[in-house]
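Each chain is listed here by its residues.
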Amino acid sequence: MRIRDCVFFLCLILTQTLCFASELSSEALDNADYISGKTTFQQRCSACHTLAENSANLVGPNLWHIFDQTIGKVTGFSYSEGMKESELIWTPDLMANFLQDPQKLFPDTRMFIPEPVPANFMTDLVAFVMFETDAADKPKVEKPQPSQLVNSELPLSDRFPSFWNHLMTNTTHYRLVAAEGELEFDAYFNTNGSVGTSLKGVQGFWHVNEKDMFCYALYGLPTLIQEFVECFPVAAMAIPRFARELWRSEPQQGLKLYGGILPGRP
Ligand code: HEC
């Protein structure tokens, strides 16, 4: 019996899940739905990962050229031991298995997702990541022209309902750290584009631009820095999460901003 056949039988004998848990045929990847993959990525991955060449590492590493590359080797990113030591190479199937249950593949991984990627979104998601990261054998999915994306006509509340409900009904908590001290306060984003806060005289406004970046400005702050502006992708807020500190940024030199979402409003 040749080695390949041995491996095949071993797989059958072991468990099906180990070897055949997820098989994405190249035909299925070629015919994947770009929009569905993009939406899934925006809702479930983009808060922590960028895809484009030379983009930043966020909470998770940048994924440019991730396929056919050894796991855990993106420069400048500090991985858990399991990923750092791994010698496996990313394939579409391995990624699909990983996204079903990251901790099963790498027990110590620091990638925590609120729920596994549902099986019916997996092919579209993996094909989208391959397409956008210029995988060697890139799927031939059809990328629609911007003009075909008519849903940008719809109001934000319909296009991003979970983002909308999350931000407009809950409290955003801030901790600003500047050279002269710290300032903590709550902000309330309103559906009419205004922002109120728990501090007297501090207020602001928000706006979503044509690239679906959510930008807001706050002014009247009683610190050296009296105002700041910040933008992030709307989709990054698509899966509601609550914590005092969920993101960290530096809207201006010398100003560190810690933001989080608390349930409800006073
Ligand atoms: C909450 C943040 C977070 C989310 C959401 C998230 N990841 Fe990750 N991801 C990480 C972190 C952190 C690591 C590094 C894990 C480690 O070191 O153990 C990682 C690692 C990875 C890796 C391995 C990269 C490498 O260099 O080998 C891939 C691939 C990956 N994520 C894909 C995804 C995809 C696709 C999604 C969406 C379904 C996703 N991640 C969602 C944080 C996240």
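Residues numbered from 1 in each chain as written. Predicted model: local features only at pLDDT ≥ 70, side-chain atom pairs only at ≥ 80, totals over all residues.

A.B. asks: Help me out: how do you make sense of helix α4 (residues 34–44) in this one?
C.D. replies: The α-helix winds at 3.6 residues per turn, so residues separated by three or four positions along the chain end up facing the same way. When α4 is considered as a whole, its buried residues turn out to be G37, K38, T40, F41, Q43 and R44. Where α4 is buried, its residues contact α8 (119–132). (Buried ≥ 20, exposed ≤ 12 C-beta atoms within 10 Å, placed from the backbone. Helix = DSSP H or I, 4+ residues; strand = E, 2+ residues; numbered from the N terminus. Contact = placed C-beta atoms within 7 Å.)

A.B. asks: Is there a simple way to explain helix α10 (residues 161–169) in this structure?
C.D. replies: Turning to α10, its buried residues number three or more, namely F163, H166 and L167. For α10, the buried positions fall inside an angular range of 85° around the axis, keeping them on one side. Of the residues in α10, the exposed ones pointing more than 90 degrees away from the buried face are P161 and N165. (Arc of directions from axis to C-beta.)

A.B. asks: For this particular structure, what's the right way to read the nonpolar core?
C.D. replies: In globular proteins that are soluble, nonpolar side chains generally tend to be buried together. One finds L125, V126, A127, F128, V129 and M130 to be the most contacted residues of the largest nonpolar core, which totals 25 residues. When residues of this core are assigned to their parent elements, the largest contribution, eight residues, is made by α8. Non-local contacts of V129, meaning those with residues more than four positions away in its chain, are made with F41, L51 and L63. Counting 15 residues, the second largest nonpolar core, distinct from the first, contains F160, L176, Y216 and L218. (Core = buried A, V, L, I, M, F, W, Y, C linked by C-beta atoms within 7 Å.)

A.B. asks: Help me understand the sheet that holds strand β4 (residues 203–208), please; the structure alone is not making it clear to me.
C.D. replies: As a general point, the strands of a sheet are linked pairwise by backbone hydrogen bonds and lie either parallel or antiparallel. In spatial order, the strands read β6-β5-β4-β3-β2-β1-β8-β7; together these eight strands make up an open sheet with antiparallel pairing. Looking at which strands have only one partner, the edges of the open sheet turn out to be β6 (227–233) and β7 (243–252). Taken over all neighbouring pairs, the strand axes of this sheet differ in orientation by 25° on average, direction set aside. Of the pairings in the sheet, the one linking strand β2 (residues 181–189) to strand β3 (residues 194–197) comprises three bridges and is antiparallel in character. Note that in β3 the partner of F189 across the bridge is V195. (Pairing = 2+ DSSP bridges. Axes fitted to C-alpha atoms, helices over the stretch in contact; angles between N-to-C directions.)

A.B. asks: Honestly, the pairing of β3 in this entry has me stumped. Any pointers?
C.D. replies: Along a regular strand, successive side chains alternate from one face of the sheet to the other. Between β2 and β3, which pair antiparallel one after the other, the connecting turn spans four residues, and G193 there sits at a positive phi close to 95°. As paired elements, β3 and β4 share two bridges and run antiparallel to each other. Residue pairing in the sheet places V195 in a bridge with G204 of β4. Joining the antiparallel neighbours β3 and β4 is a turn of five residues, in which G201 adopts a positive phi near 80°.

A.B. asks: Just checking my understanding: could you explain the site of the ligand for this structure?
C.D. replies: Lining the immediate environment of the ligand, one finds 26 residues, of which C45, C48, G60, S80 and M111 sit closest. Tallied by class, the residues present in the shell around the ligand amount to 19 nonpolar, five polar and two charged. (Near = placed C-beta within 6 Å. Nonpolar A, V, L, I, M, F, W, Y, C, P; charged D, E, K, R; others polar.)

A.B. asks: Teacher, can you tell me more about the pairing of strand β1 (residues 171–178) here?
C.D. replies: Strand direction decides the pairing type here: β1 and strand β8 (residues 255–262), joined by seven bridges, are antiparallel. From the neighbouring strand, H173 faces β8, where its bridge partner is G260. In this structure, β1 lies alongside β2, joined through seven bridges in antiparallel fashion. Note that in β2 the partner of H173 across the bridge is D186. Once β1 ends, the chain turns through two residues before running back antiparallel as β2.

A.B. asks: Explain the packing of helix α6 (residues 92–100) against α8 here, please?
C.D. replies: The axes of two packed helices give the description: the angle between them and the distance between them. The interhelical angle for the contact between α6 and α8, taken along N-to-C directions, is 125°, at an axis separation of 10 Å. In terms of axis orientation, α6 runs oblique to α8. Remark: the crossing between α6 and α8 carries right-handed chirality. Contacts from P92, M95, A96 and L99 of α6 reach α8 at M122, V126 and M130. (Parallel < 35°, antiparallel > 145°, perpendicular 65-115°, else oblique. Left-handed = near helix turned anticlockwise from the far one by under 90°.)

Coordinates in, geometry out; function isn't part of it.
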